[in-house]
Amino acid sequence: MSTGSLHIRELEAFLVLAEELHFGRAGERLYVSQSRVSQLLRSLEGRIGAPLVERTSRRVSLTPLGASFLSALRPAYESLRATVDEARAAARSIGGVLRIGFQGTVDGHLARAIAWFEERHPQCATEVVEIALSDPFGPVRREEVDCAVVLLPVAEDDLALGPVFSRQPQTLAISARHPLAARESVSAEELAELRLIGVHDTAPAYWRLAQAPRETPAGRPIPPGPTVNTLQEALSLAAADRGALLLCRSTAGYHAHHASLAYVPVEGLPDSRLGLILPRANTTQSARAFAEALAQSLAETPPDHSTR
């Protein structure tokens, strides 16, 4: 989101930094790295044309222009936030729009749950939004979506884990030219002979390692491959034989038309699973209702071992 040539995320970074006067603490509050805060501030200063913050090895302080800018910005920003909060409060009843994030593929469980939710709450429209592979939790934290279906594991203090579903074997996506492409299956130990495509470090380390492990079950190291932001990037790299990618079975099936790729089942790895995540604070009523619809759908639908 931006206003003219100014981006809201840059303004938020400046406001939080002005309160904390510490790049590390500002990054913690914004759920980004210290370097990202510095990058956002430099971009804002570049748009304005002068420094807003003085940085030394010992302290961070506002420049006179920064202090003046802060005084003018804070009430304008608070007014904007109040307008957004009022609109959000109006949407907390089960009406308005429910925004559901997802990674990879909308599987049968999720599609059925959406249909059930819409049938029970016809006054609430649903929007399904694909979220970046490298940022599974950010869209919920930034309130870009009300809830999201993501690959597990999830170990975030500010996020609640709802229904867990679609436990599926993992599949290896590799170039159709690769020697393993014609195999009926590969063992988890054979991953040590490949470079696994990973995820950029926007995602927590524990989550990235779950999607692209660095060692086999027997402890053999797995060479790291390139890292990506999106699933499409990863598939393109695999097709170009730049590395191999672990996928769940249904996502592999959805992309089976890709002639440059082969999909080979992997034996000996833990199954992949999906879970619905919601914010622990300020969860909308529609998101709670959707979690209930998903749980009910799972309870009344036989397990689906062919899709995820």
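Structure shown above.
Residues numbered from 1 in each chain as written. Predicted model: local features only at pLDDT ≥ 70, side-chain atom pairs only at ≥ 80, totals over all residues. Heavy atoms only, no water.

Inspection of every chain in the model, using the stated rule, returns 13 salt bridges. A salt bridge links Asp271 to Arg167; the nearest nitrogen and oxygen atoms lie 3.3 Å apart. Highlighted residues: Asp271 in the loop between β14 (261-267) and β15 (272-279) and Arg167 in strand β8 (residues 159-168), separated in sequence by 104 residues. On the basis of relative accessible area, Asp271 is assigned to the partly exposed category, the value being 32%. The exposure class assigned to Arg167 is exposed, which follows from its relative accessible area of 57%. The structure contains a network of salt bridges with shared partners spanning Glu19, Glu20, Arg25 and Arg29. (Salt bridge = Lys/Arg side-chain N within 4 Å of Asp/Glu carboxyl O. Helix = DSSP H or I, 4+ residues; strand = E, 2+ residues; numbered from the N terminus. Buried < 20%, exposed > 50% of the residue type's maximum accessible area, 1.4 Å probe, protein only.)

What follows is about the packing of aromatic side chains. What the rule picks out here adds up to two aromatic pairs. Measuring from ring centre to ring centre gives 5.3 Å for Phe14 and Phe69, while their planes differ by 50 degrees; the resulting arrangement is tilted. One end of the pair, Phe14, is in helix α1 (residues 8-20); the other, Phe69, is in helix α4 (residues 64-91), and 55 residues separate them in sequence. Judged by its relative accessible area of 0%, Phe14 is buried. Taking relative accessible area as the criterion, Phe69 reaches 19% and is therefore assigned buried. For Arg141, the ring lying beneath its charged end belongs to Tyr31, and the centroid distance is 4.6 Å. (Phe/Tyr/Trp six-rings, centres within 6.5 Å; stacked < 30°, edge-to-face > 60°. Lys NZ or Arg CZ within 6 Å of the ring centre and 35° of its normal.)

Moving on, we come to the sheet that holds β15. A sheet is described by the order of its strands in space; here five strands give the open sequence β6-β5-β7-β15-β8, paired in mixed fashion. The open sheet is flanked by β6 (124-130) and β8, the only strands paired with a single partner. Between one strand axis and the next, the sheet turns by 20 degrees as a mean value, whatever way the strands run. Both β8 and β15 contribute to a ladder of six bridges, which runs antiparallel. By the bridge assignment for β15, Leu161 is matched with Ile277. (Pairing = 2+ DSSP bridges. Axes fitted to C-alpha atoms, helices over the stretch in contact; angles between N-to-C directions.)

What follows concerns the nonpolar core. If you look at the biggest cluster of nonpolar residues, it comprises 48 residues, and the most contacted ones within it are Leu98, Cys147, Leu245, Leu276, Ile277 and Phe290. In this structure, Ile8, Phe14, Val37 and Leu44 belong to the second largest nonpolar core, which totals 22 residues. (Core = buried A, V, L, I, M, F, W, Y, C linked by side-chain atoms within 4.5 Å.)

Topologically, Thr284 is positioned in the loop between β15 and α10 (285-300). In this structure Thr284 comes out as buried when scored by relative accessible area, which is 8%. Looking at Thr284, its side chain comes within polar contact range of the main-chain nitrogen of Ala287, at 3.0 Å. (Polar contact = N/O pair within 3.5 Å; in protein donor to acceptor, adjacent residues only side chain to side chain.)

The next subject is helix α8 (residues 231-239). Of all the positions in α8, only Leu231, Ala234, Leu235, Leu237, Ala238 and Ala239 are classed as buried. Looking at the buried positions of α8, the neighbouring elements they touch are β9 (170-175), β11 (196-199), β12 (224-228), β13 (245-248), α9 (249-254) and β14. Residue Asp241 follows α8 closely and has a positive phi angle near 65 degrees. (Contact = heavy atoms within 4.5 Å.)

Within the secondary structure, Ser38 is located in helix α3 (residues 34-48). Ser38 sits in the buried class, given a relative accessible area of 17%.

We now examine the sheet that holds β13. The four strands lie next to each other as β10-β14-β9-β13, forming an open sheet whose pairing is mixed. The open sheet has two edge strands, β10 (186-187) and β13, and neither has a second partner. Pairing analysis gives four bridges linking β9 to β13, with the strands arranged antiparallel. In the sheet register, Ala173 faces β13, and the bridge partner there is Leu245.

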